[in-house]
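Residue-level listing of the chains:
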Amino acid sequence: MTGALRVLEHNLVVYRRTWKGSVFMSFVSPILFMAAMGFGLGGLISRGPVRTVDGLSYLAFLAPGLLVATAMQSGYVETTFPIMARIQWERTYEGMLATPLRVLDVLAGEFGWLALRLGLGSVAFFLVMLVFGTVHSGLGILAIFVSVLTGLAFAAPILAWTATRRTTNSFALIGRFLITPLFLLGGVFFPIHQLPQLIQGIAWLTPLAHGVSLARSLSAGALQSSAFIHLAVLLFYASAGIVAARITLHRRLVT
Amino acid sequence: MATSATPPDALIHARGLTKRFASLTAVDAIDFDVERGEAFGFLGPNGAGKTSTMRMIGCVSRASGGSLRVLGMDPVEDGPQIRARLGVVPQSDTLDTELLVDENLFTYARYFGIARNEARRRAAQLLDFVQLKDRAHDRVEFLSGGMKRRLTIARALVNEPELLLLDEPTTGLDPQARHLVWDRLYRLKQQGVTIVLTTHYMDEAEQLCDRLVVMDKAKIVAFGSPRSLIHRYSSREVLELRFPIDATPALDKLNGLAERIEVLPDRVLLYTNDGEAAAVAVHSRGLRPEAILVRRSTLEDVFLRLTGRSLIE
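Residues numbered from 1 in each chain as written. Chains lettered and ligands numbered in written order. Predicted model: local features only at pLDDT ≥ 70, side-chain atom pairs only at ≥ 80, totals over all residues.

## A few points about the overall build of chain B
Counting its regular elements, chain B contains 10 helices and 13 strands. With the principal axes as the frame, chain B shows a C-alpha extent of 75 × 45 × 35 Å. Taking all 313 residues of chain B together, the buried fraction comes to 47%. Taking the intrachain contacts of chain B between residues at least 6 apart in sequence as the baseline, contacts between residues at least 24 apart amount to 69%. (Helix = DSSP H or I, 4+ residues; strand = E, 2+ residues; numbered from the N terminus. Buried ≥ 20, exposed ≤ 12 C-beta atoms within 10 Å, placed from the backbone. Contact = placed C-beta atoms within 7 Å.)

## Things to note about the overall build of chain A
The helix and strand tally for chain A stands at 11 helices and zero strands. Mapped in sequence order, the helices and strands of chain A form the string α-α-α-α-α-α-α-α-α-α-α. In summary, chain A has a C-alpha radius of gyration of 19 Å against a globular reference of 18 Å for 255 residues, a match within 12%. Structurally, chain A occupies a C-alpha span of about 65 × 40 × 35 Å along its principal axes. Counting all 255 residues of chain A, 44% fall into the buried class. In chain A, 82% of the contacts between residues at least 6 apart in sequence involve partners at least 24 apart. (Rg over C-alpha atoms; globule rule 2.2 N^0.38 Å.)

## Points about helix H3 (residues 58–79) of chain A
End to end, H3(A) covers 32 Å across 22 residues, agreeing with the expected 32 Å (1.5 Å per residue, within 8%). A large share of H3(A) lies buried, amounting to 20 of its 22 residues. (Expected span 1.5 Å × (residues − 1).)

## Considerations on the packing of helix H10 (residues 207–220) of chain A against helix H11 (residues 227–253) of chain A
A pair of packed helices can be characterised by two numbers: the angle between their axes and the separation between those axes. Residues and elements named next belong to chain A. Where H10 contacts H11, the two axes come as close as 9 Å, and the packing angle between them is 135 degrees. On the basis of their axis angle, the class for H10 and H11 is oblique. Taken as a pair, H10 and H11 cross one another with a handedness that is left-handed. Counting all contacts with H10, which are made through Pro 207, His 210, Gly 211, Ser 213, Leu 214 and Ser 217, the residues of H11 involved are Ala 227, His 230, Leu 231, Val 233, Leu 234 and Tyr 237. Here the contact of H10 with H11 is built from residues that sort into seven nonpolar, five polar and no charged. (Axes fitted to C-alpha atoms, helices over the stretch in contact; angles between N-to-C directions. Parallel < 35°, antiparallel > 145°, perpendicular 65-115°, else oblique. Left-handed = near helix turned anticlockwise from the far one by under 90°. Nonpolar A, V, L, I, M, F, W, Y, C, P; charged D, E, K, R; others polar.)

## Here's the deal with the interface of chain A and chain B
Interfaces are often sized by the amount of accessible area the parts lose when they come together. Tallying the contact residues gives 20 residues for chain A and 20 residues for chain B. Elements with a contribution of two residues or more to the side of chain A that touches chain B: helix H1 (2–15) and helix H5 (92–97) of chain A. Tallying contributions element by element places H1(A) first for the side of chain A that touches chain B, with six residues. The residue makeup of the side of chain A that touches chain B, split by class, is eight nonpolar, six polar and six charged.

## Focus on the sheet that holds strand E3 (residues 39–43) of chain B
Residue and element names in this part refer to chain B. Spatial strand order, E5-E6-E7-E3-E8-E9: six strands in an open sheet with mixed pairing. Because the sheet does not close on itself, it has two edges, and the strands there are strand E5 (86–89) and strand E9 (219–224). With strand direction ignored, the average angle separating the axes of adjacent strands in the sheet is 15 degrees. Here strand E6 (residues 163–167) runs beside strand E7 (residues 194–199); their pairing, made up of five bridges, is parallel. Bridging across to E7, Asp 167 finds its partner in Thr 198. Across the face of the sheet, helix H5 (residues 145–156) comes into contact with E5 and E6 while running at roughly 165 degrees to E5. Helix H10 (residues 299–307) contacts E3, strand E8 (211–216) and E9 of the sheet and is inclined by roughly 40 degrees relative to E8. (Pairing = 2+ DSSP bridges.)

## Remarks on unusual backbone geometry
A positive phi angle, near 55 degrees, is found at Arg91(A), a position not held by glycine. Residue placement: Arg91(A) occurs in the loop between helix H4 (81–89) and H5. Even without being glycine, Ala22(B) reaches a positive phi, approximately 45 degrees. On the secondary structure map, Ala22(B) appears in the loop between strand E1 (10–21) and strand E2 (24–35). C-beta crowding within 10 Å serves as the criterion here: with 5 such atoms nearby, Ala22(B) is assigned to the exposed category.

## Description of the environment of Val7(A)
Residues and elements named next belong to chain A. You can see Val 7 is positioned in helix H1. Here Val 7 falls in the buried class, since 25 other C-beta atoms lie within 10 Å of it. Considered as a pair, Val 7 and Gly 109 are 102 residues apart in the sequence and their alpha carbons are 4.9 Å apart. With near-sequence residues (within four places) excluded, Val 7 lies in contact with Met 96, Leu 101, Asp 105, Val 106, Gly 109 and Glu 110.

## Description of the pairing of E3(B)
All names here are of chain B. Most of E3 is tucked away: five of the five residues are buried. With burial as the criterion, each face of E3 is covered, one bearing Ala 39, Gly 41 and Leu 43 and the other bearing Phe 40 and Phe 42. Relative to E7, E3 is paired through five bridges, and the arrangement is parallel. Bridge pairing in E7 places Phe 42 opposite Thr 198. When E3 meets E8, the two strands line up parallel, connected through four bridges. Each residue of the ladder has a partner; that of Leu 43, found in E8, is Val 214.

## Quick notes on the confidence of the model for chain B
For chain B, the mean per-residue pLDDT works out to 90, and 96% of the residues sit at or above 70. Listed scores for the predicted complex are pTM 0.89 and ipTM 0.90. (pLDDT = per-residue confidence, 0-100.)

## Here we look at the packing of H3(A) against helix H7 (residues 143–162) of chain A
All names here are of chain A. For the pair H3 and H7, the least separation of the axes is 8 Å and the interaxial angle reads 25 degrees. With respect to H7, the element H3 is oriented roughly parallel. Crossing of H3 over H7 shows right-handed handedness. In this structure, H3 contributes Pro 64, Leu 67, Val 68, Ala 71, Met 72, Ser 74, Gly 75, Tyr 76, Glu 78 and Thr 79 to the contact, and H7 contributes Ala 143, Val 146, Ser 147, Val 148, Thr 150, Gly 151, Leu 152, Phe 154, Ala 155, Ile 158, Leu 159 and Thr 162.

Structural data, given as structure tokens:
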């Protein structure tokens, strides 16, 4: 555990130089999205025949979905090129493993750090949601944890994959064929039940739909028993990803 | 090696040490002991198995066969405990380019669990030692190759290691930078740090190593002190003759001029105890080489003798 803290401390020293820009962006991006999609598109919907989406104003429907989808994107971005750099280009991990640190310490430190980063981003997003008045329940604060967990549910398997790669070719493909389609079709902008049955099924196989659904019900204060399934799916992806990453990163670095 | 019992003071003890990757045998059943306080070298061309051996000693690669003890412990079981007492300078620098020069030392010290104040003190002291004090707050990417190498060495010393592993410490450095690195390593040796290094530079091995093994094609082909190896496998002096292209004389014209003659693509080497006399004899036979050089025998000659090939091709 102390080993993981030292890896985390390393990342903190690196972050000290870039935190201002990163924190700034954590607020700007949700504000822009909420303004454009919520006021713009949401304004149209509220004047139309439907008025609400699943019983919520469009902005209140959209906000928790965006919160979780942003965490998904961060999880993807942070575990492709930056991890490749530390494995192969900068060989940071090779340096770490020449000390008492073990592969497990490196991984625990990276995931711990990632959870912190996702947490900071999610808190910023949540504050914006509060300001826009889209949080209808005290339970809503738990959406922050759902967001972090969803981020990790993507980050851990993707890191496991990255550790097996020698080139970055597949990273753009993950973005194009997994992250972007999920962002658009995973229940963030409209309810999944609008989609054809097949695509619905695919969406429910991924962590995003479960994270979005859980965060939305928390934010609306309408928690259902399906919450446990959502949580279980998220935990499954995160922990299976961590186990896989332990195997692939070890295989890559300790030869 | 000749000794089969573990010397009481051996920091590294290897018997039949083997490393296989799929179809390739990188290290083929080698035996060696490294004793406390010595500078021990692995000399050999690229691909001889030096780095694989170093990685097994550094506990980041598992032996495929044989036995290996480092600091009296098992690298597979006790990796973290062993690494806590090692300093490692890898073949290519693994400095953290996201961090400043002094931050590199600080965070590395923290990996060893060294307290923050002590980590800062050691970072300052080591930057002084490797003459990078005035670059403490620079970005790593702005350092020259020699400076990066020195910083890597400083980083490897941050835990005050008993055993320092250096994989090709001066490859790619200019002569001045190399001498500075050698000087620092020599000082460390005098302070009692045990040094294990790999190199394909014979002058490096001769400068730094008390004892060395010559590796070729995954095996140890000779071992001893640089002086004893030269004594055993070469002559006192070497006469180097360089002839114009396509004008290398037939070997029989040189017959009897030296104990042994090697014809290389670009020059002819005559192994003899008296280079000057051989040069005179070459001249008296009517041969007119473009250039003549009499020099001391080096480990390069040893390697050539043992393997029939130059060390750096």
